[in-house]
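# Analysis of the macromolecular model
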Amino acid sequence: MLALLAVPAFGEVTQTRVANLDGDPDLEQVIPQEVPGIYPQRRIVISDTCSGAPYARVVSSEQDAAVVLEVSNFEDITPRPEIFFDLRSGAGARVGEIGIVSWEDGPTPGACPAPRSLFRYPSRRTRGRLPKKAVARSSFAAVLRDVSKRHAGKELRLYEYYVDRDDPLCCASFRRTTDFGYNAARDLYVKFRTRVKRIRR
């Protein structure tokens, strides 16, 4: 059940992905980089070259584990691959960040490539409101899949789980499902459908 997420249930991603993110002859690396410390964490880094020199940019926050890292052309109408990641923290993996990032040309000729965030959760634009009678969010998850013929490629389906005042965090009473599709004019994933369901137990 998605309300019972934990890092061991997801598995942890530690291997670098290699892909051509920007169309030049050189391949880029998408690295679930370990950040040293008393409690090591991970973040997503894109490693490239710019004007013949090594060049890297951090594209995520730091969390306990990277549990999903996919590099693929999720949208048929875009010319290059995108990066989909899910990072989690905490014993119950209820805290973290989900994102979709593209690696785009710099603003001027010869400028180094730069990341563009196409989707990020949680944020004010992507996070749903508390359902009526709910008191807190307990967990979340997201998948990329083709759920609508109105949008090219894969859409992002976001699940948010909420508890009422009588629920333990493990056992939510409400589930919000929100679908985001890629909007070429805005170069973003935009919400186009949402619904809330009471979970019967």
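Residue positions are counted from 1 within each chain, in the order its sequence is given. Two thresholds apply to this predicted model, a pLDDT of at least 70 for residue-level local features and 80 or more for giving and counting side-chain atom pairs, whereas whole-chain, interface and lining totals are computed over all residues. Only hydrogens and water are set aside; all other atoms, that is, all heavy atoms of the structure, feed into the side-chain values.

A word on the packing of aromatic side chains. Think of it this way: a Phe, Tyr or Trp ring, Trp meaning its six-membered ring, pairs with another when their centres are within 6.5 Å, and the plane angle makes it stacked under 30 degrees, edge-to-face over 60, tilted otherwise. The final tally for this structure, using the stated rule, is four aromatic pairs. A positively charged side chain is recorded as over a ring if its NZ (Lys) or CZ (Arg) lies within 6 Å of the ring centre. The angle to the ring normal must also be within 35 degrees. Over the face of the ring belonging to phenylalanine 140 we find arginine 88, whose NZ or CZ atom lies 4.0 Å from the ring centre.

The next subject is the environment of leucine 156. Among the secondary structure elements, leucine 156 is positioned in strand S10 (residues 155-163). Residue classification places leucine 156 among the buried positions, given a relative accessible area of 0%. Each C-alpha atom, one on leucine 156 and one on arginine 145, is 6.5 Å from the other, the two residues being eleven residues apart in sequence. Only heavy atoms enter the contact rule, under which two residues are in contact if any of them lie within 4.5 Å. Excluding its chain neighbours within four sequence positions, the residues that come into contact with leucine 156 are Phe84, Ile100, Phe119, Ala142, Val143, Leu144, Thr178, Asp179, Phe180 and Tyr189. Working definition: helices are DSSP H or I runs of at least four residues, strands are E runs of at least two. Numbering for both runs from the N terminus. Relative accessibility under 20% of the residue-type maximum defines a buried residue, over 50% an exposed one, and the middle range a partly exposed one, all with a 1.4 Å probe and only protein chains included.

Attention shifts here to unusual backbone geometry. Geometrically, the link from tyrosine 121 to proline 122 is a cis peptide bond, its omega value of 0° lying close to zero. Inspection of the secondary structure puts proline 122 in the loop between strand S8 (114-121) and strand S9 (136-145). Even without being glycine, serine 51 reaches a positive phi, approximately 55°. Along the polypeptide, serine 51 turns up in the loop between strand S3 (41-50) and strand S4 (53-58). The class of serine 51 is exposed, set by a relative accessible area of 75%. Look at aspartate 187: it is not a glycine, yet its phi comes out positive at around 55°. With respect to the secondary-structure elements, aspartate 187 resides in the loop between strand S11 (174-183) and strand S12 (188-198). On the basis of relative accessible area, aspartate 187 is assigned to the buried category, the value being 18%.

Here the focus is the sheet that holds strand S2 (residues 28-35). Strands sit in the order S1-S2-S3-S4 across an open sheet of four strands; the sheet is antiparallel. Both edges of this open sheet fall to strand S1 (17-19) and S4, since each of them pairs with a single strand only. Strand-to-strand, the axes of this sheet are offset by a mean angle of 30°, without reference to chain direction. Bridging between S1 and S2 involves three bridges; their strand directions are antiparallel. Bridge pairing in S2 places arginine 17 opposite valine 30. Pairing between two strands is assigned when DSSP locates at least 2 bridges connecting them. Lines fitted to the C-alpha atoms define the axes, with helices restricted to the stretch that makes contact. Angles between their N-to-C directions range from 0 to 180 degrees.

Once that is clear, we can look at the pairing of S12. With ten bridges connecting them, S11 and S12 associate as antiparallel partners. By the bridge assignment, glycine 181 is partnered in S12 with valine 190.

Moving on, we get to the side chain of serine 102. If you trace the backbone, serine 102 turns up in strand S7 (residues 95-104). Only 2.9 Å separates the side chain of serine 102 from the side chain of glutamate 104, close enough to count as a polar contact. Setting aside residues up to four positions removed in sequence, serine 102 forms contacts with Ala114, Pro115, Arg116 and Leu118. Pairs of N or O atoms within 3.5 Å make up the polar contacts considered here, provided that, within protein, one atom can donate a hydrogen while the other can accept it, and that residues adjacent in sequence are counted only when both atoms are side-chain atoms.

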